[in-house]
2 protein chains.
Amino acid sequence: MALIVHKYGGTSMGSTERIRNVAKRVAKWARAGHQMVVVPSAMSGETNRLLGLAKELAPGKHTAAYRRELDMLASTGEQASSALLAIALQAEGMTSVSYSGWQVPIKTNNAYTKARIDSIDDKRVRADLDAGKVVVITGFQGVDEDNNITTLGRGGSDTSAVAIAAALKADEALIYTDVDGVYTTDPRVVPEARRLHTLSFEEMLEMASLGSKVLQIRSVEFAGKYKVPMRVLSSFTPWDIDLAEEAKSGTLITFEEDEQMEHAVVSGIAFNRDEAKVSVLGVPDRPGIAYQILGTVADANIEVDVIIQNVSKDGITDFSFTVNHADYARTIDLLKEKVLPELGATEVEGDPRICKVSIVGIGMRSHVGVAAKMFRVLSEEGINIQMISTSEIKTSVVIDEKYMELAVRALHRAFDLEQAPS
Amino acid sequence: MALIVHKYGGTSMGSTERIRNVAKRVAKWARAGHQMVVVPSAMSGETNRLLGLAKELAPGKHTAAYRRELDMLASTGEQASSALLAIALQAEGMTSVSYSGWQVPIKTNNAYTKARIDSIDDKRVRADLDAGKVVVITGFQGVDEDNNITTLGRGGSDTSAVAIAAALKADEALIYTDVDGVYTTDPRVVPEARRLHTLSFEEMLEMASLGSKVLQIRSVEFAGKYKVPMRVLSSFTPWDIDLAEEAKSGTLITFEEDEQMEHAVVSGIAFNRDEAKVSVLGVPDRPGIAYQILGTVADANIEVDVIIQNVSKDGITDFSFTVNHADYARTIDLLKEKVLPELGATEVEGDPRICKVSIVGIGMRSHVGVAAKMFRVLSEEGINIQMISTSEIKTSVVIDEKYMELAVRALHRAFDLEQAPS
């Protein structure tokens, strides 16, 4: 008997028929002897509908008092879907109860609309599990120390599920989604992309942060921190498929590197079209310029990703970084108005038509020449590299957006990702 | 400066435009210097939509565990509308915060779907009011001692508003509805029906229990118990009408009999088509027969209204009572199967085509001959009275359904209700 957490996304909860299917699947796991906790998202479309009503009433409001009410509002979506799932489980003959975040309670800070979980009390849930109940817990939300409802931001239900699994020391958190696992890269770009059976937590973290949208990155951080085994699998398989088969489907995010791991040097290729490049040219190379440029940008709440400072020539250097497309115009203006005159730099230029392509693999730690191979492959395809950024287990390059598909396909082939490692 | 509670029904909250109008109206009251608490219902249609989803998933479920989930589900309607109203108030320049029942907290027993309020903590709300905030509190719901969400049953938001007004010792609870007050009778039946400016709490209680659907009867009981002045008024007046005019519109339910009261003998005429008559004939007249008959009915959870036992003749009597239409067939079956054989009565008969017409007036206490006048008027119209039931301030008769309009119009005229009392 294991303690298992299931998480279902909005699409899986999108109608009473789908909710009934979720209940049948969960009941199958419970009847096999497992203690079950289920974390559903709101029915698809519901969160957008509610937030749309708020926007109609207060376009452009952004105070903390407003965000508090947004959380009161949006949290009702998961409360409703959780109650409906408990009802569907009861109709399947289970004893089941649903809880909102505050009833568990799941304690968070008070950063409304993007709160962070501080602690989860497992007493009430554990007592229910020991009494044989299937416990449904709202995803996406918690409660601050003054009993205000908070939400964890978009995709927060993944984080809820993993945090609950951590608090209960669950054996596995199964994240049911509309894809059947994590792929070596996006199959829409590379049809030969292969589903990974296992992936290390660190690789998943890089994949998520580099643009793979399968999991919310904070859920992966949580899984890493508390060592919760986490599996991404499809909610579109028939609910009555063999449990043993279902239990090993999808992709397992794991912490035991040497056991089941597939020993590929590179596990996957991520890409991101959402960034733009900004450069400050002719910067006098003296201590503190990085802070002068990036401090100004950070003060305007603009997030910076890849950062490059060129080697200085005659005491003059160039400084480049990438920002999100949405912040591009604002960043250029800011640099021209504030940074350029203060710094005595010659020019600000930018390019919104870039993309970032990354190879990710825990094997890169112990294999030399992986980055070099990446650069060679791109050069053979005639692709110019504009920026490079590396970490222990990933290498990212910024290239012209029009070469993105070409680069991803060439790298996928060069690192033999269409083949399962032997 | 007064402390005022406003309650808005689902129709008033039916769209973002209507919510904006509610916010403008409340802001007008707040700007006039009043401390404001607002209790909204769910947006119209929302509660039915949610309960409809539950019914699709579990037709025929009626366990306590199921009803607990229904309350989790249905309570989201008011939480969402409350948050939206707080947002609309913020957009009007107010500082505003919304609370669910559990956040106040409004403590109830655990009779899910029809809970009763035990206590309301006023600390948090009072602190907000003193800080100049407009406080929005979800109608219809509370929390039991184990932190489960409960609801108060249909129309429960009226009760919430009055209970909150009682806890805060508010100066008045204004119940905004889609009618502009309490009438001498239903204007759809008697076009000359007149709006009452004031009505005693006891009269309102009789009117509500006798079929006037303007207020939930439990809200009137609460108002009576805690002496909360309560006003029923229209939410369809323009939000910007003069506050002084608005403050004396509608109908005031009052506790000060001798002051503002309109000294009519009869204040209003109520009627109810929802009942059916059941008779047990040829009952041996011995002690305990009423209990034997009604005890069996009560055990089946069937509510009985008017009860008549005829004078005994030769040790044999007839026993009649009315039940709700929905329980009619079940009651007949029950009497035939269980009561008839045990009792040795001769026959069970029933008539679903009856109605109850009642005259209500606090003046009846001190005026003799009011009931006699009622019987005379009905007799002059050729209407046969089947059953009679009286209390200190009302007289009800059960008559053939087809005479209902005729009876109500004749009584309205005979008691001069189209004229304001001098």
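Residues numbered from 1 in each chain as written. Chains lettered and ligands numbered in written order. Predicted model: local features only at pLDDT ≥ 70, side-chain atom pairs only at ≥ 80, totals over all residues. Heavy atoms only, no water.

Asks: Sorry, what's going on with the overall build of chain A here?
Replies: Counting secondary structure elements, chain A contains twelve helices and 20 strands. Whereas a compact globule of 422 residues would reach a radius of gyration of roughly 22 Å, chain A reaches 24 Å, a difference of no more than 12%. Once the C-alpha set of chain A is aligned to its principal axes, its extents read approximately 75 × 55 × 30 Å. Across the 422 residues that make up chain A, the buried fraction comes to 57%. About 17600 Å² of surface is accessible on chain A, with carbon and sulfur atoms providing 49% of the total. (Helix = DSSP H or I, 4+ residues; strand = E, 2+ residues; numbered from the N terminus. Rg over C-alpha atoms; globule rule 2.2 N^0.38 Å. Buried < 20%, exposed > 50% of the residue type's maximum accessible area, 1.4 Å probe, protein only. Areas by Shrake-Rupley, 256 points an atom, 1.4 Å probe, with all protein chains shown as cover.)

Asks: Please clarify how helix α4 (residues 123–130) of chain B should be interpreted in this entry.
Replies: Residues spaced three or four apart along an α-helix face the same direction, because each turn holds 3.6 residues. Residue and element names in this part refer to chain B. Along α4, the residues classified as buried are Val125, Asp128 and Leu129. The buried residues of α4 all sit within an arc of 100 degrees when viewed along its axis, so they share a single face. In α4, the exposed positions angled more than 90 degrees off the buried face are occupied by Lys123 and Asp130. Tucked inside the fold, the buried residues of α4 contact β1 (3–8), β2 (35–40), β3 (96–99) and β6 (134–137). Directly beyond the C-terminal end of α4, a positive phi value near 85 degrees is found at Gly132. (Arc of directions from axis to C-beta. Contact = heavy atoms within 4.5 Å.)

Asks: Got a minute to help me understand the domain arrangement of chain A in this structure?
Replies: The extent of an interface is frequently quoted as the accessible surface area lost upon association of the parts. Per the domain assignment, the segments making up chain A are domain 1 (3–258) and domain 2 (278–351). Domain 1 of chain A and domain 2 of chain A are separated by 39 Å when their C-alpha centres are compared. (Domains from an automatic or database assignment.)

Asks: When you look at the interface of chain B and chain A in this model, what are you seeing that I'm missing?
Replies: Each partner contributes residues to the interface: chain B has 44 residues there, and chain A has 44 residues. Approximately 3600 Å² of surface area, both sides summed, lies buried where chain B meets chain A, with 61% of it carried by carbon and sulfur atoms. Per-residue buried area on chain B facing chain A is highest for Leu57, Ile87 and Trp102 of chain B; these three make up 20% of the total on that side. Counting across the interface, chain B meets chain A through two salt bridges. Across the pair Glu46 of chain A and Arg49 of chain B runs a salt bridge whose closest N-O atoms are separated by 3.8 Å. Along the contact surface separating chain B from chain A lie 22 residue pairs in polar contact (both at pLDDT 80 or more). Looking at the side of chain B that touches chain A, the elements that each hand over two or more residues are α1 (16–31), α2 (46–57), α3 (64–91) and β3 of chain B. Looking at which element gives the most residues to the side of chain B that touches chain A, the answer is α3 of chain B, with 18 residues. When its residues are assigned to classes, the side of chain B that touches chain A shows 24 nonpolar, eleven polar and nine charged. (Buried area = accessible area lost by both parts, 1.4 Å probe. Salt bridge = Lys/Arg side-chain N within 4 Å of Asp/Glu carboxyl O. Polar contact = N/O pair within 3.5 Å; in protein donor to acceptor, adjacent residues only side chain to side chain. Nonpolar A, V, L, I, M, F, W, Y, C, P; charged D, E, K, R; others polar.)

Asks: Would you take a moment to explain the pattern of salt bridges for this structure?
Replies: Side-chain pairs of opposite charge can arise whenever the charged atoms involved come near each other. All names here are of chain A. The tally for this structure, following the rule as stated, stands at 34 salt bridges over all chains. Among the ionic pairs, Glu275 bridges to Lys356, the shortest N-O distance being 3.5 Å. You can see Glu275 sitting in strand β14 (residues 275–284) and its partner Lys356 sitting in strand β18 (residues 354–360), a full 81 residues away along the chain. On the basis of relative accessibility, which here comes to 8%, the residue Glu275 falls in the buried class. Relative accessible area serves as the criterion here: at 4%, Lys356 is assigned to the buried category.

Asks: Whenever I open this one, the packing of helix α9 (residues 289–299) of chain A against helix α10 (residues 328–343) of chain A confuses me. Can you help?
Replies: A packed helix pair is summarised by two numbers, namely the angle formed by the two axes and the spacing between the axes. Residues and elements named next belong to chain A. Running from amino to carboxyl end, α9 crosses α10 at an angle of 145 degrees, the nearest separation of the two axes being 10 Å. For the crossing formed where α9 meets α10, the hand is right-handed. Contacts between α9 and α10 involve Ile289, Gln292, Ile293, Thr296 and Val297 from the first element and Thr331, Leu334, Leu335, Lys338, Val339, Glu342 and Leu343 from the second. Of the residues assigned to the contact of α9 with α10, the class counts are seven nonpolar, three polar and two charged. (Axes fitted to C-alpha atoms, helices over the stretch in contact; angles between N-to-C directions. Left-handed = near helix turned anticlockwise from the far one by under 90°.)

Asks: Before we go on, may I ask you to explain helix α11 (residues 370–380) of chain A in this structure?
Replies: Residues and elements named next belong to chain A. When α11 is considered as a whole, its buried residues turn out to be Val370, Met374, Val377 and Leu378. Here the buried residues of α11 occupy an arc of 95 degrees about the axis, which is enough to place them on one side. Its buried side turned inward, α11 meets β18, β19 (385–391), β20 (394–400) and α12 (404–414). Positive backbone phi, at 75 degrees, marks Gly382, one or two positions downstream of α11.

Asks: Sorry, what's going on with the relation of the copies chain B and chain A here?
Replies: Put simply, the two copies of the chain differ by a rotation about an axis and a shift along that axis. Superposing chain B onto chain A takes a rotation of 180 degrees combined with a translation of 0.0 Å along the rotation axis, leaving an RMSD of 0.1 Å. The relationship between the two copies is best expressed as a two-fold rotation axis. Across chain B, the rotation axis passes nearest the C-alpha of Thr76 of chain B, at a separation of 2.7 Å. Residue by residue, 100% of the interface of chain B is reproduced at the interface of chain A, so both copies engage with the same surface. (Least-squares fit on C-alpha atoms with pLDDT ≥ 70 in both.)

Asks: I would appreciate a short explanation of unusual backbone geometry in the present structure.
Replies: Across residues other than glycine, the phi torsion is negative in most instances, and most of the peptide bonds are trans. In this structure, the amide linkage connecting Val104 of chain A to the following residue, Pro105 of chain A, adopts the cis form with an omega of -15 degrees. In this structure, Pro105 of chain A sits in the loop between β3 (96–99) and β4 (106–108). Non-glycine residue Asp416 of chain B carries a positive phi angle of around 55 degrees. Inspection of the secondary structure assignment puts Asp416 of chain B in the segment after α12 (404–414). You can call Asp416 of chain B partly exposed: its relative accessible area is 47%.

Asks: Just to check I follow, could you spell out the pairing of strand β15 (residues 304–309) of chain B for this structure?
Replies: For a regular strand, side chains alternate in direction, first toward one face of the sheet and then toward the other. Across four bridges, the pairing between β15 of chain B and strand β16 (residues 316–324) of chain B is antiparallel. Bridging from a neighbouring strand, Ile308 of chain B pairs with Ser320 of chain B of β16 of chain B. (Pairing = 2+ DSSP bridges.)

Asks: Any chance you could explain the sheet that holds strand β13 (residues 268–272) of chain B here in plain terms?
Replies: Remark on secondary structure: sheet strands pair via backbone hydrogen bonds, oriented parallel or antiparallel. All names here are of chain B. Strands sit in the order β13-β18-β20-β19 across an open sheet of four strands; the sheet is antiparallel. Each edge of the open sheet carries a strand with a single partner, namely β13 and β19 (385–391). Strand-to-strand twist across the sheet, computed as the mean angle between neighbouring axes with direction ignored, equals 20 degrees. Relative to strand β18 (residues 354–360), β13 runs antiparallel, the two sharing five bridges. Within β18, the residue paired with Asn272 across the bridge is Lys356. Seen against the sheet, α12 touches β13, β18 and β20 (394–400) and runs at an angle of roughly 10 degrees to β18.

Asks: Where do I start with the environment of Ala166 of chain A in this structure?
Replies: Residues and elements named next belong to chain A. Within the secondary structure layout, Ala166 lies in helix α5 (residues 156–167). Residue Ala166 is classed as buried on the basis of its relative accessible area of 16%. The spacing of Ala166 and Ala223 is 57 residues in sequence and 7.5 Å in space, taken between C-alpha atoms. Contact partners of Ala166, with chain neighbours within four places excluded, come to Tyr226 and Val228.

Asks: Help me understand the nonpolar core, please; the structure alone is not making it clear to me.
Replies: Here is a general trend for soluble globular proteins: nonpolar side chains tend to be buried in one another's company. Core analysis: the biggest nonpolar cluster contains 82 residues, and Leu85 of chain A together with Leu85 of chain B have the highest contact counts within it. Residues Val97, Ile137, Ala170 and Leu215 of chain B belong to the second largest nonpolar core, which totals 45 residues. (Core = buried A, V, L, I, M, F, W, Y, C linked by side-chain atoms within 4.5 Å.)

Asks: Help me understand the sheet that holds β3 of chain A, please; the structure alone is not making it clear to me.
Replies: All names here are of chain A. One open sheet holds the eight strands; their spatial order is β3-β6-β2-β1-β9-β11-β12-β10, and the pairing between them is mixed. With partners counted over all chains shown, the strands left at the sheet margins are β3 and β10 (198–200), one partner each. Taking the axes of each pair of neighbouring strands and ignoring which way they run, one obtains an average angle of 20 degrees across the sheet. Sheet topology note: the strand β11 (residues 230–234)/strand β12 (residues 251–254) ladder contains three bridges and is antiparallel. Bridging across to β12, Arg231 finds its partner in Leu252. The sheet strands contacting helix α3 (residues 64–91) are β2 (35–40), β3 and β6 (134–137), and the helix crosses β3 at an angle near 175 degrees. With respect to the sheet, helix α4 (residues 123–130) is in contact with β1 (3–8), β2, β3 and β6, its orientation differing from that of β2 by roughly 130 degrees.

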